[in-house]
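Here are the chains, one letter per residue:
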Amino acid sequence: MKLQEYINEMKPDFHRLYGEKYQFQVAQSEVHIDLTLNACIQYVQKLAMSGKLKEIQDMATGGAEALKNSTYYAELLGNCAQSYYGLDWEIQRKTALAEDILVFILDGLKYKFIQGGYSMDQAGVMKFLGLDLGILGKMGGMFGRFFR
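Predicted model only: the values in this text are computed from it and were never measured.

Undergrad: Which residues make up the packing of helix H1 (residues 2–22) against helix H2 (residues 26–49), and what values do they have?
TA: Direction vectors running N to C along H1 and H2 enclose 125 degrees, while the axes themselves pass 9 Å from each other. One element, H1, and the other, H2, form an angle in the oblique class. Regarding H1 and H2, the two cross each other, and that crossing is right-handed. In contact with Gln 4, Ile 7, Lys 11, Phe 14, His 15 and Gly 19 of H1, H2 contributes Val 26, Ser 29, Glu 30, Ile 33, Asp 34 and Leu 37. A class-by-class count of the residues in the contact of H1 with H2 yields 5 nonpolar, 4 polar and 3 charged.

Here is the structure:
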């Protein structure tokens, strides 16, 4: 999937921007990006399984301010912060790290999407992610809701 490729390309940039702030070595920056993304995926899957597709859509499309004001965003950050088992930091610092990583990754993906000239519809997003619409044909209706 292209998404992982995009994120892997961004990891060195995250370290250059935030490594000193968090006193990380390169490998530590990379591991915490992976931990954050895994916790994020698990949380979004939990929302989806509980029927909260509208909430996921709102978080994904509501803009940065709407995202930050969402109850779900606060829970998402909390889940990410709790995934940093190896850090003996206070929760506020872990939460700040989670937010820095999420904002960095989302901004980076948005930039790559725009630079790639992808269309702002289901086909464009699937192409950006490296997914074949033919394989996902039955799910098309569900994904279509995100682009109305």
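Undergrad: Residue-level account of the packing of aromatic side chains, with values.
TA: Per the stated rule, a full pass over the model turns up 7 aromatic pairs. A ring pair is formed by Phe 14 and Phe 104, whose centres lie 5.4 Å apart and whose planes are at 65 degrees; its orientation type is edge-to-face. Of this pair, Phe 14 sits in helix H1 while Phe 104 is found in helix H6 (residues 91–115), placing the two residues 90 residues apart along the sequence. For the pair formed by Phe 14 and Phe 104, the shared burial category is buried. Between Tyr 22 and Trp 89, the aromatic rings sit 5.8 Å apart at their centres with planes inclined by 20 degrees, giving stacked as the arrangement.

Undergrad: Run through the nonpolar core, naming residues and quoting values.
TA: Across soluble globular proteins, you tend to see nonpolar side chains buried next to one another. Grouped together as the largest cluster of nonpolar side chains are 32 residues, with contacts concentrated most on Cys 80, Leu 97 and Ile 105. Contributing elements (two or more residues each) for this core: H1, H2, helix H5 (71–82), H6 and helix H7 (122–129). The dominant element in this core, judged by the number of residues it contributes, is H6, at 8 residues.

Rules used throughout
Residues numbered from 1 in each chain as written. Predicted model: local features only at pLDDT ≥ 70, side-chain atom pairs only at ≥ 80, totals over all residues. Heavy atoms only, no water. Axes fitted to C-alpha atoms, helices over the stretch in contact; angles between N-to-C directions. Helix = DSSP H or I, 4+ residues; strand = E, 2+ residues; numbered from the N terminus. Parallel < 35°, antiparallel > 145°, perpendicular 65-115°, else oblique. Left-handed = near helix turned anticlockwise from the far one by under 90°. Contact = heavy atoms within 4.5 Å. Nonpolar A, V, L, I, M, F, W, Y, C, P; charged D, E, K, R; others polar. Phe/Tyr/Trp six-rings, centres within 6.5 Å; stacked < 30°, edge-to-face > 60°. Buried < 20%, exposed > 50% of the residue type's maximum accessible area, 1.4 Å probe, protein only. Core = buried A, V, L, I, M, F, W, Y, C linked by side-chain atoms within 4.5 Å.

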